[in-house]
Amino acid sequence: MAFSLDTELSDLKVSELLKEVSVDYTKTKRLEDAVAVIRDVLLSLPEEQVKPTAAAAFIKDIGAPGDKLDFKFRKPDSVEIIGSYTLKAAAKPFLNIDLAVRIPKACFHEKDFLNHRYHAKRCLYLVVIKKHLSSCSVVKNIGWSTFQDDARKPILIIHPGEMDNDTANDFVIRIIPTVLAGVFDISKLAPGRNNVRDFQQGGMAQPTPDYNASILEDMFIEDHSAFLKNSLSGSKNFVEALLLLKVWARQRNSINGPDCLNGFIISIILAYLTTEGGGKRITGQMTGFQAFRVVIDFIAISSTLEKGIFMQPQSVGNVSLELKRRLLQFFEVVICDSVTYLNLAFRMTKSGLVELVDEAARTLRYMNKCKDKGFEEVFMTRIDFPAKFDYHARIIPVGKDHMKPPNICMDKEHSRVYEKQVELLLSKGLGDRARLVRVLHRSIPANWHIDEGLECLGKVPLLVGILISDFEKAFRMIDVGPSADNKIESAKFRSFWGEKSELRRFKDGIIAETAVWECEHWEKHLIIKKIMEYTLRRHLSLSSQDISIVGDQLDFTLLQGGKAPTSADPIASTPTLLDALDVLSKCLRGVEDLPLRISSVQPLDSAFRHTSVFPPMPHPLATDKEKRQYSDILVPTCIQTLEVMIQLEGSGKWPIGEIAIEKTKSAFCLKIAERILYEKDKSLIKKQGLFGVLPVGNLQNTNCVLLEKDLLLRSQHSSMLNGLQGLHPVYGPTVRLAKRWICSHMFSGSLADEAVELLVAHLFVRPFPFSAPCSRVTGFLRFLRLVAYHDWALSPLVVDVNGDLTMKEEGQIMAQFIARRKDSRGESGANNTGPAMYIATPYDWESESWTSFSPDNLSLKRLIAYARSSAELLTRLVGGEVLEGWKSLFRTPLQCYDALILLHRDKLAYPSQILFNADIKQGSLPVTTQEASMDFFPYLSPLVIRKGFQEARNHLLVGFDPVKYFLHDLKTDMPKVFNIWHDAFGSEVIGLTWNKEAPFLKDAAQKRKRKEPDPTNFDVRNILEEVANVGTGLVKTVHLLKSPKYN
């Protein structure tokens, strides 16, 4: 029953999607009339003599001989519509009509297939057409583009005049030159022939398979269009399958391109599977979605495409093994047609095929695992370059010799050769660290004109994406090469790695070549970046300004002090922290003379699961003896507390009553502390009811005042997430970035740390349609998108780290969610009840633990707006669209608040955690100003330190944070007056927004209704002065930016 319902829902969604992307061809009459006018103009063009000077820059760049390009222009032999429009399979929003303009044979010489003469005349023919169409009544404007991003094959793009409906207005018309099949001798365009005479190596002419295929493509494009029309247009289901395949490919922009997959290749594969040669895997009885699945399944079997697709020619036996061998010798991917043995996939690269197969295989997994057959993951989720790849590089090959005439075009455009060179170098340099190195196919810039030639292509930045294979392999510090005894391979290794290569003797006695990437443990994520930079600079002579690799741009937010290289990531102290926990656990379990023995010690603090933004560093005074002088360093006054849960043996003799139980727990803690001090000689610190142990280098403490329910929930939460860091080492850094972002935009009081950990955990447990992120930047981008684009009003977020929930239980969670979203009238409405951000877990189906009261609807709306803005900026930064602005991701706009509280920086507990100085607008005069207190400083004064080690210890404050107490007092003394926004990690600014439910605002609104005099700002200033008084000694100034609205 559940499967049937799932199928019905997915079929309904697919049907609605098809309606959304399909074209209503009954509304394209005016468009077809415009095409008819253009056809008539083209078929009536007069003859004229054409000179190569009409496209001098283009002809120079492709290296065509100018003295053999004069010809007499003649009107086209025919002008026919080809492509998806003839199949009625054009998919919104990218709509075009392709017009095949057949150039007469008389315009060519029989040897024009040599040395780019055909490509030059093809371009000149378009120049004449453009001149005449520019004055056509139905042409709004006309520009240049390229066919399949092939720089040698320009086409014209026509925007017709305004139509009478939006459907027709969305179309553009593409003018694509073609030639008759008999214009050139096909045998002379075989893959093994050389038709670019300058393309030589060692004085020997080299085959030009890609060049030859680019000419054959124009000779048979009309035949291929007719084949597709005959194969697919007879069935509505085939057309629907084609539309679904186009949507699927477009959502994955790195495979939707000439070097991987395009609409034509998709159509060819679909048509092939309907033929006998394709096993008739697709029949007319299948639905569009079923046919779509068959195509995806066919692509996912990598061996199929690796061996090549050879369509069987009519009335002929199987394709010969010799022909298959030759085609596979010259092309990385082969899809051979049934007439000319032209490789239709001659532009597809090996890396493009690998990515295509990987995407198809993962798509099948979504369809099997996800609800509604993976509809959201397959068709609705954008899988773009920044969010898909783990590491991203942007290379600018400006001014390099490979893009200067006459070397721009040989067998391929040299930009493609350069892309391949970069891919091979990085693949060799990274080795088994990467499962995919993908260099994206570059396109001619928008608004390109033929007069600019092709040099502009060399100025387009090159984008490289890296997918990590395995963490252990990716972040190893030593690459072991061949043994020193293997002279040939060792020489190759040294030639590639240069100065990085060195001989090393290993413990097993082997002496081998190695490349060593030394770094701190917390910098291992930069090893990939270091390898890429070194490889590109060594072998391509690129400067550091030419290479931009995304890897460490956000690390500044996690460094103690905020700046590298002098600052260190406090996560480096985690091993010491865990060692201290182990010492404490052993001490606690070894305590005797207790009525009940300690059965377990469980860490609860996020520092123990690698998700604390600033885990505690070893404190200089946390030692048993004074072994050094501290006058040369800053000694923090405040010490962070870390919570650990102690579980005792079961007993039926516990007292009854909450107070009695708590006192008994306190007595246990006192006894435990006493025995630890006596037996292990540890220093005990008592402060505000907290007991702490200070072993060498770190502070540990146990808090005995936690509420039972809260303690249980935190224990379950910690247990659930403890193993995630081991499976996904990037989980911790991603959570830290997410928490830092949340706090930097002053949402510390709106979203609990545990909620952030669950949000990020979801990205690793259910990463569909991606694979789990393997870099902190990619993980952070996906976190921002999850917050920004998840439908919080209509869908719960189920986080099941260990796979404990069944499908039935998830259905029950959904039912509970819907029930809580209904208002008192029993209908779903705007006044929803229940958590605004509903995060369900196996231990908390109703999202009561971490988001029950916060964020509320107002806070969530604000959080979504910030996340959307940051996600868009980060996408542009990673994609190389903008180069500056990384810090802007964490700099919150202060003008979005009604009032600002500026604190004395030297009165904060951890001033080194501040990211930016407060940037309050000029002219914003403070309402009040106060002096700083002299009772507290974040660092011990030299005077205290000179008094001795023990005296300095007596001045330490455990778990003290003046801002936390100030906020507590502010909420207690002035409830419902304003909403408070703050950064828990040491920001010197606190934001205030007026609460519409504030009593003085309600009184003002009532006065206005009674038409009494409007209230003044006098009361507002008094309120802000009172705010400053609450924080006397901590508050520096209070600024009023916006007066409240009295509605």
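Residues numbered from 1 in each chain as written. Predicted model: local features only at pLDDT ≥ 70, side-chain atom pairs only at ≥ 80, totals over all residues. Heavy atoms only, no water.

All right, on to the overall build of the protein then. Secondary structure summary: the protein contains 33 helices and 32 strands in total. Nonlocal contacts in the protein, meaning residues at least 24 apart in sequence, comprise 73% of its contacts between residues at least 6 apart. Carbon and sulfur atoms make up 52% of the accessible area of the protein, which amounts to about 47,100 Å² in all. (Helix = DSSP H or I, 4+ residues; strand = E, 2+ residues; numbered from the N terminus. Contact = heavy atoms within 4.5 Å. Areas by Shrake-Rupley, 256 points an atom, 1.4 Å probe, with all protein chains shown as cover.)

Taking strand neighbours across the sheet as the criterion, the three strands line up as E15-E17-E16 in an open arrangement whose pairing is antiparallel. For this open sheet the edge positions go to strand E15 (478-483) and strand E16 (501-505), each flanked by a neighbour on one side alone. Here the average twist between neighbouring strands, direction ignored, is 40 degrees. (Pairing = 2+ DSSP bridges. Axes fitted to C-alpha atoms, helices over the stretch in contact; angles between N-to-C directions.)

Moving on to the nonpolar core. Of all hydrophobic cores here, the largest spans 141 residues; its most connected members are Ile-129, Trp-248, Phe-292 and Phe-379. Ranked by size, the runner-up nonpolar core spans 107 residues in total, among them Val-439, Ile-527, Ile-528 and Ile-864. (Core = buried A, V, L, I, M, F, W, Y, C linked by side-chain atoms within 4.5 Å. Buried < 20%, exposed > 50% of the residue type's maximum accessible area, 1.4 Å probe, protein only.)

In this section: unusual backbone geometry. With an omega of 5 degrees, the peptide bond running from Lys-92 to Pro-93 counts as cis. The residue Pro-93 is located in the loop between helix H4 (84-87) and strand E4 (95-103) in this model. The amide bond that connects Ser-854 to the next residue, Pro-855, takes the cis arrangement and shows omega of 5 degrees. By the element assignment, Pro-855 lies in the loop between strand E26 (839-840) and helix H28 (857-878). Phi is positive for Asn-115, close to 50 degrees, though the residue is something other than glycine. Mapping Asn-115 onto the fold places it in the loop between E4 and helix H5 (117-133).

With that out of the way, let us pick up the packing of aromatic side chains. All chains considered together, the criterion is met by 32 aromatic pairs. Here the aromatic rings of Trp-497 and Trp-517 are separated by 5.5 Å at their centres, their planes lie at 70 degrees, and the arrangement is edge-to-face. With a gap of 20 residues between them, Trp-497 in helix H18 (residues 487-497) and Trp-517 in the loop between strand E17 (511-516) and helix H19 (527-540) connect regions that are remote in the sequence. Here a set of aromatic residues connected by ring pairs shows up, and it is made of Phe-493, Phe-496, Trp-497, Trp-517 and Tyr-534. Residue placement shows Lys-887 over the ring face of Phe-556; its charged tip is 6.0 Å from the ring centre. Across from the ring centre of Phe-916, 4.1 Å away, lies the NZ or CZ of Arg-891, which sits over that ring. (Phe/Tyr/Trp six-rings, centres within 6.5 Å; stacked < 30°, edge-to-face > 60°. Lys NZ or Arg CZ within 6 Å of the ring centre and 35° of its normal.)

The sheet built from five strands is open, its strands ordered E3-E4-E7-E6-E5 with mixed pairing. Among the strands making up the open sheet, the edge pair consists of strand E3 (78-82) and strand E5 (139-147). Looking at each pair of strands side by side, their axes are set apart by 30 degrees on average, direction ignored. Of the strand pairs in this sheet, E4 and strand E7 (residues 171-179) are connected by nine bridges, and their pairing is parallel. What sits directly across from Ile-103, in E7, is Val-179. Contacts from H5 reach E4, E5, strand E6 (150-160) and E7 within the one sheet, and its direction differs from that of E6 by about 15 degrees.

The next point concerns the packing of helix H24 (residues 731-744) against helix H25 (residues 753-765). For any two helices packed against each other, one specifies the inter-axial angle together with the distance between the axes. With their axes 9 Å apart at the nearest point, H24 and H25 run at an angle of 135 degrees to one another. One finds that H24 runs oblique with respect to H25. In this structure, H24 crosses over H25, and the sense of that crossing is right-handed. Taken together, the residues of H25 that come into contact with H24 (itself represented by Tyr-731, Thr-734, Val-735, Ala-738, Lys-739 and Ile-742) are Asp-753, Val-756, Glu-757, Val-760, Ala-761 and Phe-764. Across the contact of H24 with H25, the residue classes break down as eight nonpolar, one polar and three charged. (Parallel < 35°, antiparallel > 145°, perpendicular 65-115°, else oblique. Left-handed = near helix turned anticlockwise from the far one by under 90°. Nonpolar A, V, L, I, M, F, W, Y, C, P; charged D, E, K, R; others polar.)

In this fold, Thr-875 is placed in helix H28. Using a relative accessible area of 12% as the deciding quantity, one classes Thr-875 as buried. Put simply, Thr-875 and Phe-385 are 490 residues apart on the chain and 8.7 Å apart in space, counted from C-alpha to C-alpha. Apart from residues lying up to four places away in sequence, Thr-875 is in contact with Asp-384, Pro-386, Leu-781 and Arg-785.

This paragraph deals with the packing of H24 against helix H26 (residues 776-789). Two elements in contact, H24 and H26, have axes whose closest approach is 8 Å; the angle formed by their N-to-C orientations is 50 degrees. In terms of orientation, H24 and H26 fall into the oblique class. Considering the relative orientation of H24 and H26, their crossing is right-handed. Contact with H24, carried on its side by Pro-733, Thr-734, Leu-737, Ala-738, Trp-741 and Ile-742, involves Arg-776, Gly-779, Phe-780, Phe-783 and Leu-784 of H26 and no other residues of that element. Its residues placed into classes, the contact of H24 with H26 shows eight nonpolar, two polar and one charged.

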